[in-house]
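These are the residues of each chain, in order.
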Amino acid sequence: MNTWIAIGATALGCYAAKLAGLLVPAGALERPLVRRLAALLPVALLAALTAQQTFADGHTLVLDARAAGLAAAAVALVLRAPFLLVVAAAVVVTAGVRAMGG
């Protein structure tokens, strides 16, 4: 029964967030600060999620093959490689480090 309570609470929370977004006046959304925040916030959240998934294992920090894959992707991005090549580099390096026992 706890699962259904969690599902219901999540659904209500999503509806409330959507309703709150619809109730914001249009003038407030046109401010330069709000526009800049809306542009930068997704990037910051994605970077935080990537760091958390790469360097955390439960409540501990780890440095394993995922970090090597992330470093390879960063190098490919600095070299302005196409997106698929960036992903491929990360996959190949991560798999290679894991295959070597790292």
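Fair warning: this is a prediction, and the values are worked out from it, not measured in the lab.

1. A few points about the overall build of the protein chain
Helix and strand counts for the protein chain come out as five helices and two strands. The order of α-helices and β-strands along the protein chain, N terminus first, is α-α-α-β-β-α-α. In terms of overall dimensions, the protein chain is more spread out than a globule: its C-alpha atoms have a radius of gyration of 20 Å, far above the 13 Å expected for 102 residues. Oriented by its inertia axes, the alpha-carbon framework of the protein chain measures out at about 55 × 45 × 25 Å. The contacts of the protein chain with a sequence gap of at least 6 include a subset with a gap of at least 24, amounting to 28%. Surface accessibility of the protein chain: about 8,300 Å² in total, with carbon and sulfur atoms responsible for 75%.

2. Re the packing of helix α3 (residues 32–55) against helix α4 (residues 65–78)
Orientation of α3 relative to α4, taken along the N-to-C sense of each, is 140°, at an axis distance of 8 Å. The angle between α3 and α4 falls in the class oblique. Here T50, Q53, T54 and F55 of α3 lie close against α4, whose contacting residues are R66, A67 and L70. Taken together, the residues of the contact of α3 with α4 sort by class into three nonpolar, three polar and one charged.

3. Here we look at the UniProt feature "transmembrane region" (unreviewed entry) in the protein chain
Feature annotation in UniProt places "transmembrane region" (unreviewed entry) on residues 6–25, 37–55 and 67–97, given in this structure's numbering. Taken as a whole, residues 37–55 contains 100% helix and 0% strand, while its terminal C-alpha atoms sit 26 Å from one another.

4. Observations regarding helix α5 (residues 83–99)
Its 17 residues give α5 an end-to-end C-alpha distance of 24 Å, which sits within 8% of 24 Å, the value for a rise of 1.5 Å per residue. Among the residues of α5, V86, A90 and T94 are the ones counted as buried. Along the axis of α5, the buried residues cluster in a sector spanning 60°; they form a single face. Those residues of α5 that are exposed and angled more than 90 degrees off the buried face are L84, V91, V92 and A99. Buried residues in α5 make contact with α4. Looking one or two places after α5, you find G101, whose phi comes out positive at around 90°.

5. Regarding the pattern of salt bridges
Using the criterion set out here, one finds two salt bridges in the structure. As a salt-bridge pair, D64 and R66 come within 3.2 Å of each other at their nearest N and O atoms.

6. A word on the packing of α4 against α5
Packing of α4 against α5 brings their axes to within 8 Å, and their N-to-C directions diverge by 150°. Of the possible angle classes, the one that applies to α4 and α5 is roughly antiparallel. Where α4 crosses over α5, the two elements pack in a sense that is right-handed. Contacts from A65, R66, A68, G69, A72, A73, A76 and L77 of α4 reach α5 at V86, A89, A90, V93, T94, V97 and R98. Split by residue class, the contact of α4 with α5 holds 11 nonpolar, two polar and two charged.

Conventions used here
- Residues numbered from 1 in each chain as written.
- Predicted model: local features only at pLDDT ≥ 70, side-chain atom pairs only at ≥ 80, totals over all residues.
- Heavy atoms only, no water.
- Helix = DSSP H or I, 4+ residues; strand = E, 2+ residues; numbered from the N terminus.
- Rg over C-alpha atoms; globule rule 2.2 N^0.38 Å.
- Contact = heavy atoms within 4.5 Å.
- Areas by Shrake-Rupley, 256 points an atom, 1.4 Å probe, with all protein chains shown as cover.
- Axes fitted to C-alpha atoms, helices over the stretch in contact; angles between N-to-C directions.
- Parallel < 35°, antiparallel > 145°, perpendicular 65-115°, else oblique.
- Nonpolar A, V, L, I, M, F, W, Y, C, P; charged D, E, K, R; others polar.
- UniProt positions renumbered as here; feature names shortened; annotations may be inferred.
- Expected span 1.5 Å × (residues − 1).
- Buried < 20%, exposed > 50% of the residue type's maximum accessible area, 1.4 Å probe, protein only.
- Arc of directions from axis to C-beta.
- Salt bridge = Lys/Arg side-chain N within 4 Å of Asp/Glu carboxyl O.
- Left-handed = near helix turned anticlockwise from the far one by under 90°.

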